[in-house]
Amino acid sequence: MASIQVYRGKDVGRTFPLGDDVTLGSAADVAIPIVDPRLAARHARIVRRNADFLIADLTGKAAVAVNGRVITGERKLVNGDKIRLGLTWLNFIDQGPPARPAQAASSGPAAPAQVGATAQEDRAAAILGILDTYEILEELARGSVGELYHAREKELSREVAIHILPPGLIGENPGIDKKFREEIVPIAQLNHENIATLLDFGVRGPYIYYTTEWVQGTTIRAAVAREKKLSGVKALLIARDVARGVAHAHRKRVVHGDLEPDNVVISGERVVITDFGPSKVIAEITSDGMTSIGLAGNFEFAAPEQCKGEPATTLTDIYSLGILLYFMLSGRVPFTADNPYALIQAHLEKAPEPLGKFRKDVPAQVERVMLRMLAKDPARRFPTIEHVISEIEGCVRDLELLKVATTQADADAEWLLEKLQWMKSVTDAFQGWLRGFECVQVGEMSGDKRYRWIRLLNKGWVRWAIPLSIAVIIVGLVAGTSYGLKFLALKVGLKVPGPP
């Protein structure tokens, strides 16, 4: 019984059985509907011919990849193949034909099924041998260039992440185990708070694996999904910490080559790059230059030179960090397309949309720094990651000063408002006092003799002179009292406090 299972995407965890002829797409009326904004209504087709399953791209836009390679025409699927459609990754599972009855099994040819079962058993046994010293807690990812597990090391009782490269690499790529060791040793020398520490690596039979520190936290992708857009200061501080980890690696002559939101974890106050894997070995696994970008072949964060099939450099990491910063500030990647080729073209030719289209509170200086990081020509980017750190820290200082100034302005405005309210209260009281005089004037005009004695107070200048005189008297009394007390204190010999 054959099926496909979604292991990355909005439908993660769903399993779809395969019939003789099924269509995959975003339309509701296809045999296998998948929730993915990047999919066409009828995106791909899987047909069964005899005992084989074949997949074909229905879009005509090179929008289907198997094991990291874009397919043209039909492609035969084998058990364990990884299919990518848009943003969705699927695992092809083929358990072979149903078991025959015991009577028929002895007479019919069953060699192919037995070989397939033996291969699966050997692979499971080998993996169990590798993981024998670990307790597997969960499977985190399964892709064309390996598997990732969250586990606990039994002897030391510590949690780790285990990366297992695909089986058969050593047989298919002679000398790759030696290259793996040569590349993993410099990574093992990385010791920085912003990099997940490499703990162990090895080769067991046909398998290559390595373990790294387990970092509990939230990935940048999850943080952006929750908050939509990160605040300017928060995004810059995260980018700065990522840049610090990358700078440490560059000083050790190690290039990451695959910075993306899933590879950076926010753990409390710590920001950690979690996957400094053997990128050259991975590139050799996926010898096609187009598919050598990261464990998932994510072109959204790839630099133009990577899209051309060129090797990653320190300037490549600067470009990817620029896209990461854009993603945190805007909540989206700068370039999107329906298929990998169009996405590559966007990286090579298009300019990112201005951040002002998505938010208004990002200073021009931040966007200027980010756009230089995203220069198409590597020579036009910042020459080193240290320059990026310096620029980002300058932006952080400016934003923090702006925040302080804004807070002080708000406090001053609140104080002024309180004073205006007080003055309004005094004015209202004074107006009430004047209205009292007006009532006296009305009483006098009515002929009532009781009000005639107040005629003088009805004069305009008197109305202002009286409160002014009262104020002068009060000030005089206060000043006189103060000086009088000081005089008495001197007379009796008391020490009068004053300026030094």
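Residues numbered from 1 in each chain as written. Predicted model: local features only at pLDDT ≥ 70, side-chain atom pairs only at ≥ 80, totals over all residues. Heavy atoms only, no water.

Asker: Could you clarify how one ought to interpret the overall build of the chain in this entry?
Answerer: From N to C terminus, the chain includes 13 helices and 19 strands. Counting all 500 residues of the chain, 41% fall into the buried class. Restricting to contacts in the chain with at least 6 residues of sequence separation, those with at least 24 account for 56%. Accessible area of the chain: about 27,300 Å², with a carbon and sulfur share of 57%. (Helix = DSSP H or I, 4+ residues; strand = E, 2+ residues; numbered from the N terminus. Buried < 20%, exposed > 50% of the residue type's maximum accessible area, 1.4 Å probe, protein only. Contact = heavy atoms within 4.5 Å. Areas by Shrake-Rupley, 256 points an atom, 1.4 Å probe, with all protein chains shown as cover.)

Asker: Just checking my understanding: could you explain the nonpolar core for this structure?
Answerer: Within soluble globular proteins, side chains that are nonpolar generally end up buried alongside one another. Grouped together as the largest cluster of nonpolar side chains are 67 residues, with contacts concentrated most on Ile 220, Val 242, Leu 321 and Met 328. Broken down by element, this core gets its largest block of residues, 11 residues, from helix 9 (residues 314–330). Non-local contacts of Ile 220, meaning those with residues more than four positions away in its chain, are made with Ile 238, Pro 261, Val 264, Ile 266, Leu 324, Phe 327 and Met 328. One finds Leu 39, Ile 55, Val 64 and Leu 85 within the second-largest nonpolar core, a separate group that totals 22 residues. (Core = buried A, V, L, I, M, F, W, Y, C linked by side-chain atoms within 4.5 Å.)

Asker: Teacher, can you tell me more about the packing of helix 6 (residues 232–251) against helix 9 here?
Answerer: When two helices pack together, their arrangement is given by the angle between their axes and by how far apart the axes lie. Helix 9 packs onto helix 6 with a crossing angle of 165° between their chain directions and a minimal axis gap of 10 Å. The angle between the axes of helix 6 and helix 9 places the two elements in the roughly antiparallel class. Every pair of crossing elements has a handedness; the one defined by helix 6 and helix 9 is right-handed. In contact with Gly 232, Ala 235, Leu 236, Ile 238, Ala 239, Val 242, Ala 243, Val 246 and His 250 of helix 6, helix 9 contributes Thr 314, Asp 317, Leu 321, Leu 325, Met 328 and Leu 329. (Axes fitted to C-alpha atoms, helices over the stretch in contact; angles between N-to-C directions. Parallel < 35°, antiparallel > 145°, perpendicular 65-115°, else oblique. Left-handed = near helix turned anticlockwise from the far one by under 90°.)

Asker: Help me out: how do you make sense of the confidence of the model for the chain in this one?
Answerer: Detail in the predicted coordinates should be disregarded across regions flagged by low pLDDT. When pLDDT is averaged across the chain, the result is 76; 68% of the residues are at 70 or more. Across the chain, the element-wise mean pLDDT spans from 37 in helix 1 (residues 102–105) up to 94 in helix 9. Low pLDDT (under 50) marks residues 98–121, which in the prediction has three contacts with non-local residues, meaning those over four places away or in another chain. For residues 494–500, every residue scores under 50 in pLDDT, and the model assigns this stretch four contacts once sequence neighbours within four places are set aside. (pLDDT = per-residue confidence, 0-100.)

Asker: How should the packing of aromatic side chains be read in this particular structure?
Answerer: Given two aromatic rings, their pairing is described by the distance between the two centres and the angle made by the two planes. A full pass over the atoms with the stated rule returns four aromatic pairs. With 6.0 Å between their ring centres and 65° between their planes, Phe 180 and Phe 201 make a pair best called edge-to-face. Of the two residues, Phe 180 is situated in helix 4 (residues 176–188) and Phe 201 in strand 15 (residues 198–204); the sequence distance between them amounts to 21 residues. A relative accessible area of 0% means that Phe 180 is categorised as buried. Judged by relative accessible area, Phe 201 falls into the partly exposed class, the value being 25%. Centroid distance Phe 301 to Phe 327: 6.0 Å. Interplanar angle 75°. Geometry classified as edge-to-face. Note that Phe 301 is positioned in the loop between helix 7 (279–285) and helix 8 (304–307) and Phe 327 in helix 9, a separation of 26 residues in sequence. Look at Phe 327 and you get buried, because its relative accessible area is 8%. (Phe/Tyr/Trp six-rings, centres within 6.5 Å; stacked < 30°, edge-to-face > 60°.)

Asker: Sorry if this is basic, but what is going on with the pairing of strand 16 (residues 207–213) here?
Answerer: Strand residues, when the strand is regular, have side chains that alternate between the two faces of the sheet. Most of strand 16 sits inside the fold, with six of its seven residues counted as buried. Pairing analysis gives five bridges linking strand 14 (residues 158–164) to strand 16, with the strands arranged antiparallel. Looking at strand 16, one finds that Ala 161 is bridged to Thr 212. Sheet analysis places strand 15 next to strand 16, joined by six bridges and oriented antiparallel. What sits directly across from Asp 200, in strand 16, is Thr 211. (Pairing = 2+ DSSP bridges.)

Asker: Help me understand empty space enclosed by the protein, please; the structure alone is not making it clear to me.
Answerer: Within this structure, the stated rule accounts for two cavities of 30 Å³ or more. Volume-wise, the second largest cavity comes out at about 50 Å³. Ile 187, Ala 196, Leu 198, Thr 212 and Phe 276 are, among the 11 residues lining the second largest cavity, the residues nearest its centre. Looking at the lining of the second largest cavity, its residues break down into six nonpolar, four polar and one charged. (1 Å grid on protein atoms, 1.4 Å probe; cavity = no way out; pocket = protein on both sides within 12 Å on 5 of 7 lines; lining within 4 Å. Points joined across faces, edges and corners; volume = space filled by probe spheres on them. Nonpolar A, V, L, I, M, F, W, Y, C, P; charged D, E, K, R; others polar.)

Asker: How should the sheet that holds strand 10 (residues 82–85) be read in this particular structure?
Answerer: Note on sheets: strands pair through backbone hydrogen bonds, and any given pair is parallel or antiparallel. A sheet is described by the order of its strands in space; here six strands give the open sequence 2-1-11-10-7-8, paired in antiparallel fashion. Each of the sheet's edge strands pairs with one partner strand only, and the pair in question is strand 2 (15–17) and strand 8 (69–70). As paired elements, strand 7 (residues 64–66) and strand 8 share two bridges and run antiparallel to each other. Pairing of Val 66 across the sheet is with Arg 69, part of strand 8.

Asker: Help me out: how do you make sense of the pattern of salt bridges in this one?
Answerer: Charged atoms that come close allow side chains of opposite charge to pair. Applying the stated criterion across every chain, the model contains 21 salt bridges. Its salt-bridge partner being Asp 241, residue Arg 244 comes within 3.7 Å of it at the nearest N-O pair. Of this pair, Arg 244 and Asp 241 both sit in helix 6, three residues apart, roughly one helical turn. Among the residues examined, Asp 241 registers a relative accessible area of 10% and is labelled buried. Its salt-bridge partner being Glu 386, residue Arg 251 comes within 3.1 Å of it at the nearest N-O pair. Within this pair, whereas Arg 251 is found in helix 6, its partner Glu 386 is found in helix 12 (residues 385–445), the two being separated by 135 residues in sequence. Residue Arg 251 is classed as exposed on the basis of its relative accessible area, which comes to 54%. Residue Glu 386 is classed as partly exposed on the basis of its relative accessible area of 35%. Look at the salt bridges and you will find they share partners, linking Arg 240, Asp 241, Arg 244 and Glu 393 into a network. (Salt bridge = Lys/Arg side-chain N within 4 Å of Asp/Glu carboxyl O.)

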